[in-house]
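Inside the fold
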Amino acid sequence: MFTMKVLITGSTKGIGWAIAEKLAENGCHIFLHGRNADDLKKNKATLEKKHPNCDVFTAASDLSTKDGVKQLVAAVQKHWSVLDVLINNAGVFLPGNITEEADGTLESQINTNLYSAYHLTRMMMSSIHKSKQAHIFNMCSIASKIAYPNGGSYSISKFALLGFNKVLREELKPKGIKVTAILPGATWSNSWAGVDLPHERLMEANDIAIAVWSAIQMSPAAVVEEIVLRPQLGDL
Ligand SMILES: NC(=O)c1ccc[n+]([C@@H]2O[C@H](COP(=O)([O-])OP(=O)(O)OC[C@H]3O[C@@H](n4cnc5c(N)ncnc54)[C@H](OP(=O)(O)O)[C@@H]3O)[C@@H](O)[C@H]2O)c1
């Protein structure tokens, strides 16, 4: 396997950061992204110290706008003409009920959780096409498959992202580009800060990273289409 160039959106913390650490540990070059420039600087320094052979680049932009997506694409293409792995991970969770949540809740989550992946994938395709081991991941959710209390518009956005993933998979099948949907259940991250539950009740972000890395390692003959991960005791 060649050394892979990997772009991970939303890799300042949580699941995205755990994936970045796992892939750097396995020899990948990493493009970190998020909105918080201080976190990006800190994460870059951490990876470079632990993995001196790993190239690490960063870009800060808000993916809820098309301009923010364009900024990220320009930053990546400044350094890399080829992109091997794109991980559409950035997302936001605003709990609520459809009939009660504030006006604009659906729009903001569709912008961040769906349009970001749609626009970024389309804009990165020229670089992805040049890769001999191209793979696109979309960070969906258990909320892409089932409705649950307080899921509100978040669930709508994640159902839509899984729809995007399925269409992309069909379109890119004949081109040799792999497409994988990751559907995690409750995983420790910022979204769960302050929740009063025993630590072992939720999955670790590193569990999701292990799943991503294992899907990347398959031969060109195989693609993992969907990975569903749940806490051992089931959904909350
Ligand atoms: N944790 C769970 O239980 C769980 C379960 C299923 C699916 N997921 C999905 O997993 C993904 C990662 O979630 P997480 O739990 O790791 O959350 P997190 O710790 O809050 O991290 C979210 C990441 O997304 C970035 N981000 C958010 N909005 C953005 C925007 N508008 N533009 C650019 N970057 C943005 C954040 O960057 P900055 O902080 O720098 O802005 C951060 O790096 C999300 O798509 C989420 O829906 C999470």
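Note that the coordinates shown come from a computational prediction; the quantities given were computed from them, not determined experimentally.

1. Description of the overall build of the chain
Along its length, the chain carries six helices and seven strands. Traced from its N-terminal end to its C-terminal end, the chain shows the element sequence β-α-β-α-β-α-β-α-β-α-β-α-β. Relative to the 2.2 N^0.38 estimate, which gives 18 Å for 236 residues, the radius of gyration of the chain is 17 Å and therefore close to what a compact globule would have. With respect to the three principal axes, the spread of C-alpha positions in the chain is 45 × 35 × 35 Å. The buried share among the 236 residues of the chain stands at 51%. Sequence separation of 24 or more characterises 73% of the internal contacts of the chain that already satisfy a separation of 6 or more. Approximately 11,400 Å² of the chain is accessible, and the part contributed by carbon and sulfur atoms is 52%. A gap of 9 Å separates the mean positions of the 24 positive and 22 negative side-chain charges of the chain.

2. Section: the site of the ligand
Around the ligand, 31 residues are found, and the nearest of them are Thr-12, Lys-13, Arg-35, Tyr-154 and Ser-189. Between the ligand and Tyr-154, the relevant distance is 2.6 Å, taken from an oxygen atom to a side-chain nitrogen or oxygen of the residue. Here an oxygen atom of the ligand sits 2.9 Å away from a polar atom, N or O, in the side chain of Lys-158. Contact with the protein chains covers 93% of the free accessible surface of the ligand, which is 890 Å².

3. Structural notes on the environment of Leu-229
Summarising the element assignment, Leu-229 is placed in strand E7 (residues 226–229). For Leu-229, a relative accessible area of 15% corresponds to the buried category. Leu-229 sits 141 residues away from Asn-88 along the chain, and the two C-alpha atoms are 17 Å apart. In this view, Leu-229 contacts Ile-142, Ile-182, Leu-183, Pro-184, Gly-185, Met-203, Asp-207, Ile-208 and Ala-211; residues no more than four positions away in its chain are not counted.

4. Structural notes on the side chain of Ser-155
Considering the arrangement of structural elements, one finds Ser-155 in helix H5 (residues 152–172). Here Ala-143 takes part through its backbone oxygen, which lies 2.8 Å from a polar atom of the side chain of Ser-155. Apart from the residues within four sequence positions on either side, Ser-155 is in contact with Ala-143, Ile-146 and Ala-147.

5. Description of helix H1 (residues 14–25)
Taking 1.5 Å of rise per residue, twelve residues should cover 16 Å, and H1 covers 17 Å from first to last C-alpha, within 8% of that figure. Along H1, the residues that are buried comprise Ile-15, Gly-16, Trp-17, Ala-18, Ile-19, Ala-20, Lys-22, Leu-23 and Ala-24. The inward-facing, buried residues of H1 contact strand E1 (5–8), strand E2 (29–34), helix H2 (37–50), strand E4 (85–88), strand E5 (135–139) and helix H6 (205–216).

6. Remarks on the pattern of salt bridges
Tallying each qualifying case throughout the model produces nine salt bridges. Between Glu-225 and Arg-169 there is a salt bridge, with its nearest N and O atoms 2.7 Å apart. You can see Glu-225 sitting in the loop between H6 and E7 and its partner Arg-169 sitting in helix H5, a full 56 residues away along the chain. Since its relative accessible area comes to 40%, Glu-225 is described here as partly exposed. According to the relative accessible area criterion, Arg-169 is buried, its value standing at 13%.

7. Quick look at the environment of Lys-22
In this structure, Lys-22 sits in helix H1. Considered as a pair, Lys-22 and Gln-232 are 210 residues apart in the sequence and their alpha carbons are 22 Å apart. Residues within four places of Lys-22 in sequence aside, it is in contact with Asn-206, Ala-209, Ile-210 and Trp-213.

8. Some thoughts on unusual backbone geometry
With phi around 70°, Asn-150 is a residue other than glycine that occupies positive phi space. Inspection of the secondary structure assignment puts Asn-150 in the loop between E5 and H5.

9. Remarks on the environment of Lys-5
Tracing the sequence through the fold places Lys-5 in strand E1. Lys-5 sits 125 residues away from Lys-130 along the chain, and the two C-alpha atoms are 12 Å apart. Here Lys-5 is in contact with His-29, Trp-80, Val-82, Leu-83, Asp-84 and Val-85, once residues within four sequence places are set aside.

10. Section: the sheet that holds E4
The strand order across the open sheet built from seven strands is E3-E2-E1-E4-E5-E6-E7, with neighbouring strands paired in parallel fashion. Of all strands in the sheet, those with a lone pairing partner are strand E3 (56–60) and E7, marking the two edges. Taking the axes of each pair of neighbouring strands and ignoring which way they run, one obtains an average angle of 15° across the sheet. Two strands pair when backbone bridges link them, and E5 and strand E6 (residues 178–184) are joined in this way by five bridges, in the parallel orientation. For Phe-137, the partnering residue across the bridge sits in E6 and is Thr-180. The sheet contacts of H6 involve E4, E5, E6 and E7, and relative to E5 the element is tilted by about 155°.

The rules behind the values
- Residues numbered from 1 in each chain as written.
- Predicted model: local features only at pLDDT ≥ 70, side-chain atom pairs only at ≥ 80, totals over all residues.
- Heavy atoms only, no water.
- Helix = DSSP H or I, 4+ residues; strand = E, 2+ residues; numbered from the N terminus.
- Rg over C-alpha atoms; globule rule 2.2 N^0.38 Å.
- Buried < 20%, exposed > 50% of the residue type's maximum accessible area, 1.4 Å probe, protein only.
- Contact = heavy atoms within 4.5 Å.
- Areas by Shrake-Rupley, 256 points an atom, 1.4 Å probe, with all protein chains shown as cover.
- Lys, Arg positive; Asp, Glu negative; His and termini not counted.
- Charge placed at Lys NZ, Arg CZ, Asp CG, Glu CD.
- Near = heavy atom within 4 Å.
- Polar contact = N/O pair within 3.5 Å; in protein donor to acceptor, adjacent residues only side chain to side chain.
- Expected span 1.5 Å × (residues − 1).
- Salt bridge = Lys/Arg side-chain N within 4 Å of Asp/Glu carboxyl O.
- Pairing = 2+ DSSP bridges.
- Axes fitted to C-alpha atoms, helices over the stretch in contact; angles between N-to-C directions.

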